[in-house]
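Analysis of the macromolecular model
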Amino acid sequence: MSFTLPKVYPITDTRLSGQSHAEQVRRLIAGGATLIQLREKVMSPRAFYKDAAEAVAIGRAAGVTVLINDRVDIAIATGADGVHLGQDDMPVDAARR
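Let me begin by describing the structure that accompanies this report. (Residues numbered from 1 in each chain as written. Predicted model: local features only at pLDDT ≥ 70, side-chain atom pairs only at ≥ 80, totals over all residues. Heavy atoms only, no water.)

**Side note on the sheet that holds strand β2 (residues 35-38)**
Ordered in space as β1-β2-β3-β4, the four strands form an open sheet in which the pairing is parallel. At either margin of the open sheet sits one strand with a lone partner, and together these are β1 (11-12) and β4 (82-84). Sheet topology note: the β2/strand β3 (residues 65-69) ladder contains four bridges and is parallel. Looking at the pairing, Gln37 lines up with Leu67 of β3. Of the strands in this sheet, β1 and β2 are in contact with helix α2 (residues 21-30), which crosses β2 at around 165°. Where helix α3 (residues 45-62) meets the sheet, its contacts fall on β2 and β3, and the angle it forms with β3 comes to roughly 160°. (Pairing = 2+ DSSP bridges. Helix = DSSP H or I, 4+ residues; strand = E, 2+ residues; numbered from the N terminus. Contact = heavy atoms within 4.5 Å. Axes fitted to C-alpha atoms, helices over the stretch in contact; angles between N-to-C directions.)

**A few points about the nonpolar core**
Counting residues in each nonpolar core, the largest one holds 16 residues, and the members touching the most others are Val25, Ile36, Leu38, Phe48, Ala52 and Ile68. Breaking this core down by element, the ones donating at least two residues are α2, β2, α3, β3 and α4 (72-78). Broken down by element, this core gets its largest block of residues, five residues, from α3. (Core = buried A, V, L, I, M, F, W, Y, C linked by side-chain atoms within 4.5 Å. Buried < 20%, exposed > 50% of the residue type's maximum accessible area, 1.4 Å probe, protein only.)

**What about the pattern of salt bridges?**
Following the criterion strictly, the structure yields eight salt bridges and no others. Residue Arg39 pairs with Asp13 through a salt bridge whose shortest N-O separation is 3.0 Å. Taken together, the residues Arg39 in the loop between β2 and α3 and Asp13 in the loop between β1 and α1 (14-17) connect sequence positions 26 residues apart. You can call Asp13 buried: its relative accessible area is 11%. (Salt bridge = Lys/Arg side-chain N within 4 Å of Asp/Glu carboxyl O.)

**Observations regarding the environment of Val25**
By the element assignment, Val25 lies in helix α2. Note on Val25: relative accessible area 0%, which makes it buried. Residues in contact with Val25, not counting those within four places in the same chain, are Thr12, Ile36, Leu38, Ala55, Ile58 and Gly59.

**Some thoughts on the packing of α2 against α3**
Helix packing geometry: the angle between the two helix axes and the distance between the axes. One can describe the packing of α2 onto α3 by two numbers: an axis separation of 8 Å at closest approach and a directional angle of 20°. Regarding the angle of α2 to α3, the classification is roughly parallel. In this structure, α2 meets α3 at a crossing whose hand is right-handed. Here His21, Ala22, Val25, Arg26 and Ile29 of α2 come into contact with α3, specifically with Phe48, Asp51, Glu54, Ala55, Ile58, Gly59 and Ala62. Broken down by class, the residue content of the contact of α2 with α3 amounts to seven nonpolar, two polar and three charged. (Parallel < 35°, antiparallel > 145°, perpendicular 65-115°, else oblique. Left-handed = near helix turned anticlockwise from the far one by under 90°. Nonpolar A, V, L, I, M, F, W, Y, C, P; charged D, E, K, R; others polar.)

Here is the structure:
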């Protein structure tokens, strides 16, 4: 499988934008984004799951790759395309399992 990195890699944030992740994904897709990361640091897991599930569905319908920041559980539960893990997050080999 071949994957070309996009020129722009937008990351959503509800606190900065004042919009849901789903709305941000809609707007980013309209602007040409092909790879989007959902970043959430304050929502409850239940609220983030609901918003992320909608955002992932929007991305999937448009053929856009959607990643979840830090939250392997949310990525799996929503069927996201992947998860972004930082150096202080879960080890990559554990996330892959």
